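# Chain and residue survey
Each chain is listed here by its residues.
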Amino acid sequence: MNSFASLQPETLLTSTGRDPAAYGGYVNTPAFRGSTILASSYEDWEASKQGDNPYRNYGRYGSPTTRALEAAVAELEGGYRAQVFPSGLSACTHALMAFLSCGDHVLIADNVYGPTRSFADHTLRRFGVEVSYFAPGIGAEIQSLMRPNTRLVFVESPGSLTFEVCDIPAIAQVTHANNAVVIADNSWASPLYFKPFAHGVDVSIQAATKYILGHSDGLLGIVTCNQNTWERLQSSAHVFGETAGPEEVYLALRGLRTLSVRLKQHWQNGLMLAQQLALHPAVAQVLHPALPGAPGHEIWQRDFLGATGLFAIVLNSAAPEILPCFFRELKLFGIGLSWGGFESLALPVGTPVRSATPWAQQGHLIRIHAGLENVEDLISDMTSALDHIHTPQHKTKMACAEAQATSA
Ligand SMILES: *Cc1c(COP(=O)(O)O)cnc(C)c1O
(Lines give C-alpha, C1' and ligand atoms only; values in the text may rest on other atoms or scores of the structure.)
Protein backbone atom coordinates (compact mmCIF):
# COMPACT_ATOMS: atom_id res chain seq x y z
CA MET A 1 0.00 0.00 0.00
CA ASN A 2 1.16 3.53 -0.73
CA SER A 3 2.22 5.94 1.94
CA PHE A 4 0.22 9.14 2.11
CA ALA A 5 2.27 10.71 4.89
CA SER A 6 2.32 14.17 3.32
CA LEU A 7 -1.48 14.44 3.14
CA GLN A 8 -3.72 16.26 5.61
CA PRO A 9 -5.51 14.00 8.12
CA GLU A 10 -8.97 14.20 6.46
CA THR A 11 -7.49 13.12 3.13
CA LEU A 12 -5.34 10.44 4.73
CA LEU A 13 -8.43 8.91 6.36
CA THR A 14 -10.06 8.42 2.98
CA SER A 15 -6.99 6.93 1.27
CA THR A 16 -5.09 4.85 3.81
CA GLY A 17 -5.66 1.11 4.38
CA ARG A 18 -7.21 0.31 1.03
CA ASP A 19 -5.92 -0.78 -2.35
CA PRO A 20 -8.67 -1.15 -5.00
CA ALA A 21 -6.25 -2.50 -7.63
CA ALA A 22 -5.58 -5.52 -5.41
CA TYR A 23 -9.30 -6.38 -5.04
CA GLY A 24 -10.81 -6.13 -8.51
CA GLY A 25 -11.36 -2.38 -8.23
CA TYR A 26 -13.56 -2.57 -5.15
CA VAL A 27 -13.18 0.61 -3.14
CA ASN A 28 -12.86 -1.10 0.26
CA THR A 29 -10.51 -3.83 1.44
CA PRO A 30 -12.79 -6.86 1.93
CA ALA A 31 -13.33 -8.72 5.22
CA PHE A 32 -11.19 -11.85 4.81
CA ARG A 33 -12.34 -14.91 6.72
CA GLY A 34 -9.93 -17.74 7.20
CA SER A 35 -7.82 -20.06 9.25
CA THR A 36 -5.90 -22.19 6.72
CA ILE A 37 -3.78 -20.47 4.10
CA LEU A 38 -2.83 -22.91 1.33
CA ALA A 39 0.69 -23.07 -0.04
CA SER A 40 1.00 -23.75 -3.77
CA SER A 41 4.04 -26.01 -3.39
CA TYR A 42 6.47 -27.43 -0.85
CA GLU A 43 8.85 -24.56 -1.59
CA ASP A 44 6.04 -22.04 -1.13
CA TRP A 45 5.15 -23.66 2.21
CA GLU A 46 8.73 -23.44 3.46
CA ALA A 47 8.95 -19.81 2.31
CA SER A 48 5.65 -18.95 4.05
CA LYS A 49 7.27 -19.49 7.46
CA GLN A 50 9.76 -16.67 6.91
CA GLY A 51 9.24 -13.50 8.90
CA ASP A 52 8.80 -11.21 5.90
CA ASN A 53 5.60 -12.94 4.76
CA PRO A 54 2.85 -10.48 5.74
CA TYR A 55 0.35 -13.16 6.82
CA ARG A 56 2.84 -15.85 7.94
CA ASN A 57 1.13 -19.18 7.29
CA TYR A 58 -2.00 -19.13 9.43
CA GLY A 59 -5.14 -17.03 9.91
CA ARG A 60 -4.29 -16.28 13.52
CA TYR A 61 -1.49 -13.97 12.36
CA GLY A 62 -3.96 -11.81 10.45
CA SER A 63 -5.33 -11.32 6.97
CA PRO A 64 -5.11 -8.61 4.32
CA THR A 65 -7.96 -6.87 6.20
CA THR A 66 -5.95 -6.94 9.43
CA ARG A 67 -2.79 -5.66 7.74
CA ALA A 68 -4.75 -2.84 6.06
CA LEU A 69 -6.16 -1.61 9.39
CA GLU A 70 -2.83 -1.95 11.19
CA ALA A 71 -1.02 -0.01 8.47
CA ALA A 72 -3.68 2.72 8.51
CA VAL A 73 -3.62 3.18 12.28
CA ALA A 74 0.20 3.07 12.48
CA GLU A 75 0.32 5.82 9.87
CA LEU A 76 -2.32 7.96 11.61
CA GLU A 77 -0.65 7.62 15.02
CA GLY A 78 2.75 8.37 13.49
CA GLY A 79 4.26 5.03 14.60
CA TYR A 80 6.14 2.19 12.91
CA ARG A 81 3.83 -0.85 12.99
CA ALA A 82 0.58 -1.82 14.73
CA GLN A 83 -1.08 -4.99 16.00
CA VAL A 84 -4.82 -5.55 16.47
CA PHE A 85 -6.28 -7.10 19.63
CA PRO A 86 -9.81 -8.37 20.29
CA SER A 87 -10.67 -5.49 22.66
CA GLY A 88 -9.23 -2.26 23.98
CA LEU A 89 -8.58 -3.87 27.36
CA SER A 90 -6.74 -6.75 25.71
CA ALA A 91 -4.56 -4.17 23.91
CA CYS A 92 -3.73 -2.59 27.31
CA THR A 93 -3.00 -5.85 29.13
CA HIS A 94 -0.91 -7.33 26.32
CA ALA A 95 1.10 -4.15 25.91
CA LEU A 96 1.94 -4.38 29.63
CA MET A 97 2.72 -8.10 29.46
CA ALA A 98 5.04 -7.62 26.47
CA PHE A 99 7.46 -5.39 28.38
CA LEU A 100 7.30 -6.64 31.98
CA SER A 101 8.87 -9.64 33.70
CA CYS A 102 8.97 -10.93 37.25
CA GLY A 103 11.02 -8.53 39.40
CA ASP A 104 10.35 -5.46 37.21
CA HIS A 105 8.67 -2.26 38.42
CA VAL A 106 5.93 -0.42 36.54
CA LEU A 107 4.70 3.14 37.17
CA ILE A 108 1.07 3.80 36.27
CA ALA A 109 -0.84 7.11 36.19
CA ASP A 110 -3.36 7.25 39.03
CA ASN A 111 -6.23 8.12 36.67
CA VAL A 112 -6.04 5.15 34.25
CA TYR A 113 -9.02 3.13 33.04
CA GLY A 114 -10.29 1.01 35.97
CA PRO A 115 -9.84 -2.42 34.34
CA THR A 116 -6.22 -1.53 33.41
CA ARG A 117 -5.63 -0.73 37.06
CA SER A 118 -7.27 -3.99 38.18
CA PHE A 119 -5.08 -5.97 35.79
CA ALA A 120 -1.96 -4.35 37.24
CA ASP A 121 -3.07 -4.80 40.86
CA HIS A 122 -4.22 -8.38 40.55
CA THR A 123 -2.46 -10.05 37.62
CA LEU A 124 0.85 -8.20 37.25
CA ARG A 125 1.46 -8.39 41.01
CA ARG A 126 0.62 -12.11 40.97
CA PHE A 127 3.42 -12.56 38.43
CA GLY A 128 5.93 -10.72 40.62
CA VAL A 129 5.80 -7.25 39.07
CA GLU A 130 6.05 -4.25 41.45
CA VAL A 131 3.22 -1.83 40.67
CA SER A 132 3.04 1.78 41.84
CA TYR A 133 0.94 4.79 40.87
CA PHE A 134 1.81 8.43 40.25
CA ALA A 135 -0.09 11.71 40.27
CA PRO A 136 -1.24 12.54 36.72
CA GLY A 137 0.23 16.06 37.05
CA ILE A 138 3.69 14.81 38.10
CA GLY A 139 5.67 15.79 34.95
CA ALA A 140 9.47 15.53 35.29
CA GLU A 141 9.14 14.89 39.05
CA ILE A 142 8.48 11.28 38.10
CA GLN A 143 12.26 10.91 38.43
CA SER A 144 11.79 10.62 42.21
CA LEU A 145 9.67 7.47 41.74
CA MET A 146 12.12 5.68 39.44
CA ARG A 147 13.70 2.52 40.80
CA PRO A 148 16.64 0.60 39.33
CA ASN A 149 14.13 -2.00 38.05
CA THR A 150 11.57 0.44 36.55
CA ARG A 151 10.95 -0.83 33.02
CA LEU A 152 7.74 0.87 32.06
CA VAL A 153 5.63 3.99 32.59
CA PHE A 154 1.96 3.73 31.62
CA VAL A 155 -0.07 6.91 31.05
CA GLU A 156 -3.58 7.68 29.92
CA SER A 157 -4.14 11.31 29.02
CA PRO A 158 -6.65 12.66 29.71
CA GLY A 159 -7.40 9.86 32.17
CA SER A 160 -10.66 7.98 32.57
CA LEU A 161 -13.38 9.58 34.73
CA THR A 162 -11.47 12.67 35.94
CA PHE A 163 -9.74 13.82 32.72
CA GLU A 164 -6.48 15.27 34.06
CA VAL A 165 -3.93 15.73 31.27
CA CYS A 166 -0.34 14.42 31.74
CA ASP A 167 2.80 16.20 30.58
CA ILE A 168 3.80 13.27 28.38
CA PRO A 169 6.93 14.89 26.84
CA ALA A 170 8.36 15.58 30.33
CA ILE A 171 7.48 12.06 31.55
CA ALA A 172 8.94 10.49 28.40
CA GLN A 173 12.23 12.34 28.72
CA VAL A 174 12.75 11.09 32.28
CA THR A 175 11.55 7.58 31.42
CA HIS A 176 13.95 7.25 28.51
CA ALA A 177 16.84 8.56 30.61
CA ASN A 178 16.05 5.62 32.94
CA ASN A 179 16.03 3.12 30.04
CA ALA A 180 12.32 2.42 30.38
CA VAL A 181 9.49 2.64 27.83
CA VAL A 182 6.39 4.85 27.79
CA ILE A 183 3.04 3.31 26.92
CA ALA A 184 0.10 5.67 26.42
CA ASP A 185 -3.58 4.80 26.21
CA ASN A 186 -4.57 7.33 23.51
CA SER A 187 -8.22 6.33 23.18
CA TRP A 188 -9.76 9.66 24.29
CA ALA A 189 -7.95 11.78 21.69
CA SER A 190 -7.95 9.13 18.95
CA PRO A 191 -5.02 9.20 16.49
CA LEU A 192 -6.34 12.51 15.14
CA TYR A 193 -6.12 14.75 18.21
CA PHE A 194 -2.95 13.55 19.90
CA LYS A 195 0.18 12.40 18.06
CA PRO A 196 1.80 10.10 20.63
CA PHE A 197 5.09 9.37 18.87
CA ALA A 198 5.80 13.05 18.26
CA HIS A 199 5.53 13.52 22.06
CA GLY A 200 7.92 10.76 23.12
CA VAL A 201 5.55 7.78 23.51
CA ASP A 202 7.01 4.38 22.52
CA VAL A 203 3.79 2.34 22.42
CA SER A 204 0.32 3.80 21.84
CA ILE A 205 -2.99 2.07 22.52
CA GLN A 206 -6.37 2.67 20.93
CA ALA A 207 -9.56 1.18 22.29
CA ALA A 208 -10.87 1.10 18.69
CA THR A 209 -14.23 0.13 20.19
CA LYS A 210 -14.65 3.84 20.90
CA TYR A 211 -14.19 6.48 18.19
CA ILE A 212 -12.57 4.33 15.50
CA LEU A 213 -15.49 1.89 15.19
CA GLY A 214 -17.66 4.78 16.31
CA HIS A 215 -21.08 3.10 16.25
CA SER A 216 -21.24 0.99 19.45
CA ASP A 217 -21.39 -2.16 17.31
CA GLY A 218 -18.14 -3.97 18.06
CA LEU A 219 -15.06 -4.37 20.25
CA LEU A 220 -11.46 -3.97 19.07
CA GLY A 221 -8.08 -2.75 20.28
CA ILE A 222 -4.92 -1.66 18.46
CA VAL A 223 -1.38 -1.23 19.74
CA THR A 224 1.03 0.88 17.68
CA CYS A 225 4.78 0.73 18.33
CA ASN A 226 7.89 2.63 17.37
CA GLN A 227 10.69 0.68 15.72
CA ASN A 228 12.45 -0.16 19.01
CA THR A 229 9.45 -1.73 20.69
CA TRP A 230 7.77 -3.46 17.74
CA GLU A 231 9.50 -6.88 17.76
CA ARG A 232 8.84 -7.40 21.43
CA LEU A 233 5.16 -6.44 21.25
CA GLN A 234 4.49 -8.49 18.15
CA SER A 235 6.21 -11.65 19.35
CA SER A 236 4.46 -11.40 22.72
CA ALA A 237 1.05 -11.03 21.04
CA HIS A 238 1.77 -14.02 18.83
CA VAL A 239 2.70 -16.36 21.67
CA PHE A 240 -0.50 -15.44 23.51
CA GLY A 241 -2.50 -16.27 20.38
CA GLU A 242 -4.07 -12.82 20.23
CA THR A 243 -6.03 -12.06 17.08
CA ALA A 244 -9.23 -10.24 16.10
CA GLY A 245 -12.21 -11.29 13.98
CA PRO A 246 -12.64 -10.04 10.39
CA GLU A 247 -15.95 -8.27 11.00
CA GLU A 248 -14.58 -5.98 13.71
CA VAL A 249 -11.42 -5.26 11.74
CA TYR A 250 -13.53 -4.36 8.70
CA LEU A 251 -15.80 -2.13 10.81
CA ALA A 252 -12.75 -0.33 12.19
CA LEU A 253 -11.44 0.38 8.68
CA ARG A 254 -14.89 1.62 7.70
CA GLY A 255 -15.07 3.78 10.83
CA LEU A 256 -11.81 5.51 9.93
CA ARG A 257 -13.36 6.97 6.76
CA THR A 258 -15.69 9.22 8.74
CA LEU A 259 -13.57 9.70 11.88
CA SER A 260 -12.63 13.32 11.24
CA VAL A 261 -16.19 14.54 10.58
CA ARG A 262 -17.59 12.61 13.53
CA LEU A 263 -14.89 13.86 15.88
CA LYS A 264 -15.39 17.50 14.93
CA GLN A 265 -19.05 17.17 15.89
CA HIS A 266 -18.33 15.24 19.13
CA TRP A 267 -15.80 17.96 20.02
CA GLN A 268 -18.23 20.82 19.31
CA ASN A 269 -21.22 19.17 21.01
CA GLY A 270 -19.14 18.12 24.03
CA LEU A 271 -17.60 21.54 24.52
CA MET A 272 -20.89 23.45 24.12
CA LEU A 273 -22.62 21.08 26.51
CA ALA A 274 -19.75 21.34 29.03
CA GLN A 275 -19.82 25.15 28.86
CA GLN A 276 -23.57 25.24 29.48
CA LEU A 277 -23.41 22.73 32.33
CA ALA A 278 -20.67 24.78 34.02
CA LEU A 279 -23.25 27.57 34.42
CA HIS A 280 -25.89 25.37 36.05
CA PRO A 281 -26.35 25.82 39.83
CA ALA A 282 -26.69 22.03 40.40
CA VAL A 283 -23.18 21.48 38.96
CA ALA A 284 -20.15 21.95 41.22
CA GLN A 285 -17.45 21.22 38.63
CA VAL A 286 -17.03 20.31 34.97
CA LEU A 287 -14.03 18.09 34.19
CA HIS A 288 -13.26 18.80 30.53
CA PRO A 289 -9.65 19.35 29.38
CA ALA A 290 -10.65 22.09 26.93
CA LEU A 291 -12.20 24.26 29.66
CA PRO A 292 -9.82 26.80 31.24
CA GLY A 293 -9.16 25.82 34.86
CA ALA A 294 -9.43 22.06 34.24
CA PRO A 295 -6.37 20.14 35.53
CA GLY A 296 -3.81 20.01 32.72
CA HIS A 297 -5.76 22.41 30.47
CA GLU A 298 -2.54 24.25 29.49
CA ILE A 299 -0.92 20.94 28.52
CA TRP A 300 -3.99 20.00 26.48
CA GLN A 301 -3.68 23.34 24.69
CA ARG A 302 0.03 22.82 24.04
CA ASP A 303 -0.01 19.15 22.94
CA PHE A 304 -3.46 18.25 21.59
CA LEU A 305 -5.07 19.06 18.25
CA GLY A 306 -8.66 18.83 19.45
CA ALA A 307 -11.07 17.56 22.07
CA THR A 308 -13.62 14.78 21.83
CA GLY A 309 -17.07 14.22 23.35
CA LEU A 310 -16.20 12.57 26.67
CA PHE A 311 -16.04 14.51 29.94
CA ALA A 312 -17.53 14.49 33.43
CA ILE A 313 -19.50 16.69 35.79
CA VAL A 314 -19.55 16.76 39.58
CA LEU A 315 -22.93 17.59 41.06
CA ASN A 316 -23.33 19.86 44.08
CA SER A 317 -25.14 17.19 45.99
CA ALA A 318 -24.17 13.71 47.09
CA ALA A 319 -27.71 12.88 48.27
CA PRO A 320 -28.45 9.32 47.10
CA GLU A 321 -32.08 10.05 46.17
CA ILE A 322 -31.23 12.53 43.42
CA LEU A 323 -29.61 9.95 41.10
CA PRO A 324 -32.71 7.91 40.22
CA CYS A 325 -34.56 11.17 39.73
CA PHE A 326 -31.86 12.70 37.50
CA PHE A 327 -31.58 9.63 35.29
CA ARG A 328 -35.34 9.27 35.02
CA GLU A 329 -35.60 12.80 33.67
CA LEU A 330 -32.91 12.32 30.99
CA LYS A 331 -34.50 11.36 27.68
CA LEU A 332 -31.64 11.61 25.17
CA PHE A 333 -28.76 10.21 27.23
CA GLY A 334 -28.54 6.44 27.55
CA ILE A 335 -27.17 4.86 30.75
CA GLY A 336 -24.42 2.46 29.74
CA LEU A 337 -20.73 1.64 29.60
CA SER A 338 -18.32 2.54 26.81
CA TRP A 339 -18.46 5.70 24.64
CA GLY A 340 -17.37 6.92 21.22
CA GLY A 341 -20.54 5.84 19.42
CA PHE A 342 -22.95 8.24 17.68
CA GLU A 343 -25.25 8.33 20.70
CA SER A 344 -25.10 10.32 23.91
CA LEU A 345 -24.53 8.59 27.25
CA ALA A 346 -24.52 9.55 30.92
CA LEU A 347 -23.14 7.27 33.60
CA PRO A 348 -22.99 7.44 37.40
CA VAL A 349 -19.38 6.47 38.12
CA GLY A 350 -19.12 6.57 41.91
CA THR A 351 -15.81 7.70 43.41
CA PRO A 352 -12.67 7.03 41.35
CA VAL A 353 -10.12 4.64 42.89
CA ARG A 354 -6.90 6.47 43.76
CA SER A 355 -3.73 5.53 45.57
CA ALA A 356 -1.10 8.20 44.74
CA THR A 357 -3.35 11.24 44.85
CA PRO A 358 -6.37 11.84 47.05
CA TRP A 359 -9.58 12.48 45.12
CA ALA A 360 -12.39 14.35 46.81
CA GLN A 361 -15.61 15.34 45.10
CA GLN A 362 -18.43 17.46 46.42
CA GLY A 363 -21.31 15.45 44.95
CA HIS A 364 -22.00 12.65 42.51
CA LEU A 365 -19.59 12.19 39.58
CA ILE A 366 -21.37 11.67 36.25
CA ARG A 367 -19.48 10.80 33.07
CA ILE A 368 -21.01 12.22 29.91
CA HIS A 369 -20.50 11.30 26.28
CA ALA A 370 -21.80 13.91 23.85
CA GLY A 371 -23.06 12.10 20.75
CA LEU A 372 -24.02 13.42 17.33
CA GLU A 373 -27.53 14.64 18.20
CA ASN A 374 -28.42 18.32 17.82
CA VAL A 375 -26.55 20.08 20.62
CA GLU A 376 -29.49 22.32 21.58
CA ASP A 377 -31.54 19.18 22.20
CA LEU A 378 -28.75 17.73 24.34
CA ILE A 379 -28.39 20.94 26.34
CA SER A 380 -32.10 21.25 27.04
CA ASP A 381 -32.43 17.58 27.99
CA MET A 382 -29.52 17.71 30.46
CA THR A 383 -30.54 21.13 31.78
CA SER A 384 -34.07 20.04 32.56
CA ALA A 385 -32.83 16.93 34.40
CA LEU A 386 -30.49 19.15 36.43
CA ASP A 387 -33.31 21.66 37.11
CA HIS A 388 -35.32 18.78 38.43
CA ILE A 389 -32.81 17.81 41.09
CA HIS A 390 -31.91 21.39 41.96
CA THR A 391 -34.80 22.09 44.27
CA PRO A 392 -34.90 22.07 48.07
CA GLN A 393 -34.57 18.52 49.26
CA HIS A 394 -38.21 17.92 50.23
CA LYS A 395 -39.33 19.22 46.85
CA THR A 396 -36.90 16.86 45.12
CA LYS A 397 -38.33 13.94 47.02
CA MET A 398 -41.86 15.00 46.15
CA ALA A 399 -40.99 15.54 42.50
CA CYS A 400 -39.42 12.10 42.36
CA ALA A 401 -42.40 10.47 44.02
CA GLU A 402 -44.73 12.29 41.63
CA ALA A 403 -42.68 11.22 38.61
CA GLN A 404 -42.72 7.65 39.87
CA ALA A 405 -46.49 7.76 40.37
CA THR A 406 -47.17 9.13 36.89
CA SER A 407 -44.78 6.68 35.17
CA ALA A 408 -46.29 3.72 37.07
C1 LIG B 1 -13.02 1.53 26.92
C2 LIG B 1 -11.59 1.76 27.21
C3 LIG B 1 -10.68 0.73 27.13
C4 LIG B 1 -11.10 -0.70 26.86
O5 LIG B 1 -11.68 -0.88 25.61
P6 LIG B 1 -12.66 -2.14 25.35
O7 LIG B 1 -12.67 -2.28 23.89
O8 LIG B 1 -13.97 -1.77 25.95
O9 LIG B 1 -12.05 -3.33 26.04
C10 LIG B 1 -9.35 1.01 27.35
N11 LIG B 1 -8.94 2.26 27.64
C12 LIG B 1 -9.79 3.28 27.74
C13 LIG B 1 -9.29 4.63 28.06
C14 LIG B 1 -11.15 3.07 27.53
O15 LIG B 1 -12.00 4.09 27.66
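Definitions and cut-offs
Residues numbered from 1 in each chain as written. Predicted model: local features only at pLDDT ≥ 70, side-chain atom pairs only at ≥ 80, totals over all residues. Heavy atoms only, no water. Helix = DSSP H or I, 4+ residues; strand = E, 2+ residues; numbered from the N terminus. Rg over C-alpha atoms; globule rule 2.2 N^0.38 Å. Buried < 20%, exposed > 50% of the residue type's maximum accessible area, 1.4 Å probe, protein only. Contact = heavy atoms within 4.5 Å. Areas by Shrake-Rupley, 256 points an atom, 1.4 Å probe, with all protein chains shown as cover. Lys, Arg positive; Asp, Glu negative; His and termini not counted. Charge placed at Lys NZ, Arg CZ, Asp CG, Glu CD. Phe/Tyr/Trp six-rings, centres within 6.5 Å; stacked < 30°, edge-to-face > 60°. Lys NZ or Arg CZ within 6 Å of the ring centre and 35° of its normal. Near = heavy atom within 4 Å. Polar contact = N/O pair within 3.5 Å; in protein donor to acceptor, adjacent residues only side chain to side chain. Nonpolar A, V, L, I, M, F, W, Y, C, P; charged D, E, K, R; others polar. Pairing = 2+ DSSP bridges. Axes fitted to C-alpha atoms, helices over the stretch in contact; angles between N-to-C directions. Expected span 1.5 Å × (residues − 1). Bend = angle between axes of the 7 residues up to and from the residue. Domains from an automatic or database assignment. Buried area = accessible area lost by both parts, 1.4 Å probe.

A few words now on the overall build of the chain. Each helix and strand counted, the chain has 14 helices and eleven strands in total. For 408 residues, the compact-globule estimate of 2.2 N^0.38 gives 22 Å, and the chain sits close to it at 23 Å. When its C-alpha atoms are laid out on the principal axes, the chain stretches across 80 × 55 × 40 Å. A burial count over the chain gives 55% of its 408 residues as buried. For the chain, restricting intrachain contacts to residue pairs at least 6 apart in sequence, the fraction spanning at least 24 positions comes to 73%. If you sum the accessible surface of the chain, you get close to 17,500 Å²; carbon and sulfur atoms cover 55% of it. A gap of 3 Å separates the mean positions of the 26 positive and 35 negative side-chain charges of the chain.

What follows is about the packing of aromatic side chains. To describe a pair of aromatic rings, you give the distance between the ring centres and the angle between the ring planes. Across all of its chains, the model carries six aromatic pairs by this definition. Where W188 meets F304, the ring centres are 6.1 Å apart and the plane angle is 70°; that geometry is what we call edge-to-face. Linking W188 in the loop between strand 5 (181-185) and helix 7 (190-193) with F304 in the loop between helix 11 (297-303) and strand 9 (310-315), this pair joins segments that are 116 residues apart in sequence. Using a relative accessible area of 4% as the deciding quantity, one classes W188 as buried. Residue class for F304 comes out buried when judged on its relative accessible area of 7%. An aromatic cluster is defined as three or more aromatic residues linked by ring pairs; in this entry it consists of W188, F194 and F304. When the ring centre of Y133 is taken as reference, the NZ or CZ atom of R117 above it lies at 3.9 Å.

So, about the site of the ligand. Surrounding the ligand, one finds S87, G88, L89, Y113, E156, S160, D185, A207, T209, K210, L219 and W339. In the environment of the ligand, an oxygen atom lies 2.7 Å from a nitrogen or oxygen atom belonging to the side chain of K210. One nitrogen or oxygen atom from the side chain of W339 is found 3.1 Å from an oxygen atom belonging to the ligand. Expressed as a share of its isolated accessible area of 380 Å², the protein-covered part of the ligand is 92%. When its residues are assigned to classes, the shell around the ligand shows five nonpolar, four polar and three charged.

For the rest of this paragraph, the subject is the sheet that holds strand 6 (residues 203-207). Note on sheets: strands pair through backbone hydrogen bonds, and any given pair is parallel or antiparallel. Strand order in the open sheet formed by seven strands is 1-7-6-5-4-2-3, and the pairing between neighbours is mixed. Strands with a single pairing partner mark the edges of an open sheet, and in this sheet they are strand 1 (81-85) and strand 3 (130-134). Neighbouring strand axes in the sheet, compared pairwise and without regard to direction, differ in orientation by 20° on average. Of the strands in this sheet, strand 1, strand 2 (105-109), strand 4 (150-156), strand 5, strand 6 and strand 7 (221-225) touch helix 4 (residues 88-99), which is tilted by about 160° from strand 6.

Another aspect to go through is the sheet that holds strand 10 (residues 345-348). Pairing is antiparallel across the open sheet formed by four strands, whose spatial order is 8-9-11-10. Edge positions in the sheet fall to strand 8 (283-287) and strand 10, since each has one partner strand and no second. On average, each strand axis in the sheet is inclined to that of its neighbour by 25°, with strand direction left out of account. Here strand 8 runs beside strand 9; their pairing, made up of four bridges, is antiparallel. Counterpart to V283 in the pairing with strand 9 is L315. Its contacts with the sheet put helix 12 (residues 322-329) on strand 9, strand 10 and strand 11 (365-369), and the angle it makes with strand 10 is roughly 170°.

The end-to-end C-alpha distance of helix 5 (residues 114-126) is 18 Å, a good match for the 18 Å that 13 residues give at a rise of 1.5 Å each. Considering bend angle alone, the principal kink of helix 5 is centred on A120 and spans about 30°. Residues of helix 5 that are buried: T116, R117, F119, A120, T123 and L124. Where helix 5 is buried, its residues meet helix 4, strand 2, strand 3 and strand 4. Among the residues trailing helix 5, G128 stands out with phi positive, at a value near 85°.

Attention shifts here to the domain arrangement of the chain. Considered domain by domain, the chain is made up of domain 1 (9-257) and domain 2 (259-407). Just the C-alpha atoms count here: the centres of domain 1 and domain 2 sit 29 Å apart. Carbon and sulfur atoms supply 63% of the area that domain 1 and domain 2 bury against each other, a total of about 3,500 Å² over both sides. Area buried by domain 1 at its contact with domain 2 is led by W188, Y193 and Y211, which between them contribute 26% of it. Remark: the boundary between domain 1 and domain 2 carries 20 residue pairs in polar contact (both at pLDDT 80 or more). Those elements that provide at least two residues to the side of domain 1 that touches domain 2 are helix 1 (9-15), strand 3, helix 7 and helix 9 (246-257). The residue inventory of the side of domain 1 that touches domain 2, partitioned by class, reads 20 nonpolar, eleven polar and eight charged.

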